[in-house]
Amino acid sequence: MTAGALVPAALVGAPSAMADPCPNGTARVFLGNSTNSCQGAGSVSYTDGPVSKVCSMAGTDVTVEIRTNIKKRPLRTQELTNGQCASFDIKTQIGNTVTVTAN
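Moving on, we get to the sheet that holds strand β1 (residues 27–31). Read across the open sheet, the 4 strands follow the order β2-β1-β4-β7; overall the sheet is antiparallel. Since the sheet does not close on itself, it has two edges, and those belong to β2 (36–39) and β7 (85–87), each with one partner. Across the sheet, the mean angle separating the axes of adjacent strands is 15 degrees when strand polarity is ignored. Where β1 lies against β2, 4 bridges are found, and the strand directions are antiparallel. The residue of β2 that forms the bridge with valine 29 is serine 37.

Before going further, it helps to examine the sheet that holds strand β8 (residues 93–102). Read from one edge of the open sheet, 4 strands run β3-β8-β5-β6, paired in antiparallel fashion. In this open sheet, the two strands that pair with only one neighbour each are β3 (42–44) and β6 (75–81). Here the average twist between neighbouring strands, direction ignored, is 15 degrees. Summarising the sheet, strand β5 (residues 60–68) and β6 pair through 7 bridges and their orientation is antiparallel. Bridged to aspartate 61 within β6 is threonine 81.

Rules behind the numbers
Residues numbered from 1 in each chain as written. Predicted model: local features only at pLDDT ≥ 70, side-chain atom pairs only at ≥ 80, totals over all residues. Heavy atoms only, no water. Pairing = 2+ DSSP bridges. Helix = DSSP H or I, 4+ residues; strand = E, 2+ residues; numbered from the N terminus. Axes fitted to C-alpha atoms, helices over the stretch in contact; angles between N-to-C directions.

Encoded structure:
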């Protein structure tokens, strides 16, 4: 890349599960307050910040439930498995639950 080349904003600082992976059988959960952690089996509701992104690691099924303040779509459920990631809108989020199970 040349010194004057532009880097797309989506790539700058975007969280990546591959850059800092969690162990197999877990999920990496990114919060809107710029923190992230590995979550093992079970369900967790994150109150320190809204969930901005979740990535499942190998051998893992993850269900993410996001509660929003949008009347037409108050609940978003996303299922992830074996390395899949999904991003979530932190501006409309009023609650969340991430459930991790081994597959």
